[in-house]
Amino acid sequence: MPAADDTGAGWSGIDPAELAALIEPVPGLPSRGHVDILRLDRLHPHISGNKAFKLAGFLPRFRASGRRALLSFGGPYSNHLHALAALGQALNIPVIALVRGYAHLPLTATLQDCQSWGTELVFADKKTYAQRYDPQWQQELAQHYDAFVIPEGGAGDAGEQECRQLAPLCADYDQVWLAVGSGTTALGLAKGLQEQRIDCELVGVNAVADQGERQRAWQQAMPADIRWRLLDDAHLGAFGRTSPELLALIERYDHQHLPLDPVYTAKLLLAFERELVTEPLNARVLLIHSGGLQGRRGYSL
Ligand SMILES: *Cc1c(COP(=O)(O)O)cnc(C)c1O
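Residues numbered from 1 in each chain as written. Predicted model: local features only at pLDDT ≥ 70, side-chain atom pairs only at ≥ 80, totals over all residues. Heavy atoms only, no water.

Per an unreviewed UniProt entry, the protein chain goes by Pyridoxal-phosphate dependent enzyme and derives from Thalassolituus hydrocarboniclasticus. Turning to the protein chain, the UniProt record has this under Cofactor (unreviewed entry): "pyridoxal 5'-phosphate". On record in UniProt, under Sequence similarities (unreviewed entry), the comment for the protein chain is "Belongs to the ACC deaminase/D-cysteine desulfhydrase family." (UniProt positions renumbered as here; feature names shortened; annotations may be inferred.)

**Here we look at the packing of aromatic side chains**
Under the criterion given, the structure shown has five aromatic pairs. Taken together, a centroid distance of 6.4 Å and an interplanar angle of 70° make the contact between F62 and F148 edge-to-face. Pair noted here: F62 is in helix 2 (residues 49–65) and F148 is in strand 6 (residues 147–149), with a separation of 86 residues, a long-range link. Each member of the pair, F62 as well as F148, carries the same accessibility label: buried. A centroid spacing of 5.7 Å and a plane angle of 70° characterise the contact between F239 and Y264, whose relative ring orientation is edge-to-face. Of this pair, F239 sits in the loop between strand 9 (228–231) and helix 10 (244–255) while Y264 sits in the loop between helix 10 and helix 11 (265–278), and the two are 25 residues apart along the sequence. Taking relative accessible area as the criterion, F239 reaches 47% and is therefore assigned partly exposed. Its end group placed over the ring of Y133, R214 keeps NZ or CZ at 3.4 Å from the ring centre. (Phe/Tyr/Trp six-rings, centres within 6.5 Å; stacked < 30°, edge-to-face > 60°. Helix = DSSP H or I, 4+ residues; strand = E, 2+ residues; numbered from the N terminus. Buried < 20%, exposed > 50% of the residue type's maximum accessible area, 1.4 Å probe, protein only. Lys NZ or Arg CZ within 6 Å of the ring centre and 35° of its normal.)

**Some words on the domain arrangement of the protein chain**
By domain assignment, the protein chain separates into domain 1 (16–45 + 157–298) and domain 2 (51–154). Each of domain 1 and domain 2 was reduced to a C-alpha centroid, and the two centroids are 25 Å apart. The interface of domain 1 with domain 2 comprises 20 residues on the first partner and 16 residues on the second. Note on domain 1 versus domain 2: buried area summed over both sides is about 1,500 Å², and carbon and sulfur give 59% of it. Area buried by domain 1 at its contact with domain 2 is led by A158, Q294 and R297, which between them contribute 33% of it. Run the count over domain 1 and domain 2 and you get two salt bridges. Here D157 and R61 are joined by a salt bridge, their closest N and O atoms 3.4 Å apart. (Domains from an automatic or database assignment. Contact = heavy atoms within 4.5 Å. Buried area = accessible area lost by both parts, 1.4 Å probe. Salt bridge = Lys/Arg side-chain N within 4 Å of Asp/Glu carboxyl O.)

**Examining the sheet that holds strand 4 (residues 95–100)**
Spatial ordering of the open sheet is given by 5-4-3-6, a layout of four strands whose pairing is parallel. A single partner strand is all that each edge strand has here, and the edge strands are strand 5 (120–124) and strand 6. For this sheet, the mean angle separating the axes of adjacent strands, direction not counted, is 25°. Here five bridges tie strand 3 (residues 69–74) to strand 4, and the two strands are oriented parallel to one another. Counterpart to F73 in the pairing with strand 4 is L98. (Pairing = 2+ DSSP bridges. Axes fitted to C-alpha atoms, helices over the stretch in contact; angles between N-to-C directions.)

**Overview of the site of the ligand**
Around the ligand sit 15 residues in total, of which K51, N79, S182, T185 and S290 are the nearest. Residue N79 places a side-chain N or O atom 2.7 Å away from an oxygen atom belonging to the ligand. At 2.6 Å from a nitrogen atom of the ligand is found a side-chain nitrogen or oxygen belonging to S290. The fraction of the free accessible surface of the ligand (390 Å²) that becomes covered by protein chains is 97%. Listing elements by their share of the shell around the ligand, those giving two or more residues are helix 2, strand 7 (175–180) and helix 8 (184–195). A total of three residues in the shell around the ligand trace back to one element, the largest contributor, which is helix 2. Looking at side-chain class alone, the shell around the ligand contains three nonpolar, 10 polar and two charged residues. The residues that make up the shell around the ligand include at least three from each of domain 1 (16–45 + 157–298) and domain 2 (51–154). (Near = heavy atom within 4 Å. Polar contact = N/O pair within 3.5 Å; in protein donor to acceptor, adjacent residues only side chain to side chain. Areas by Shrake-Rupley, 256 points an atom, 1.4 Å probe, with all protein chains shown as cover. Nonpolar A, V, L, I, M, F, W, Y, C, P; charged D, E, K, R; others polar.)

Below is the structure:
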């Protein structure tokens, strides 16, 4: 994993023309079909994965708001805060990170990077952090910091917006698979498929164990005429939980030069490999590598 460094001059956002070049075959799969992976982890050294798409959708709204800074929420290993901090540095926008945790604990590698890129870390205990969806608290924070508030994980319709750009890449495939957290990326992709009339089944792999209200909300918002399903048996019982099988899978793909993160993308491959065993595949499949590799530093990998 590269150490935190300067994220370089600027960030011009996502160039749709360059996305197709991030597609490569998945090595070492026993399959009669054809399996490719879209390496969004390679988009940018730090503003990578699906977080780049989600954040890109918020920038026009931030600019229109006239606010000074960007503010968002996340845990101490958050891919979202990491990408946001890098974006802030690249575009010279002040960033405030509301972090679930305690200031007296040693900083994680994720938060060290954020801090080194100039992000202001504000710690919130569990109870305070639990208010992160509360519009009133968000408004108080916005006023206090003169900041535009981005929901946790870059969720919401601004977050979905740029994820529509993923749809054209699915046109040559029978199925597209991706890891699901808040469902924002899946929903944006599904809307893109619908608008662009691309007939490709969307398969989500749930990385969040408990299907709470927020998970139900995105599922209800899925366009009715899209073929999709959510696999709910690869999260290993909890968000971020690993198993010897999962760690062995990561190691196996490391050897094939396909780095995976334990929280999302390894669970995507776990679910996909399981389906290959029970259902010999004869289809063209695109897997989406949604990034998250910085989070590997929180595990002994
Ligand atoms: C945040 C994240 C996801 C989940 O995306 P949602 O839009 O919240 O469903 C998937 N993979 C990686 C690597 C992530 O960082």
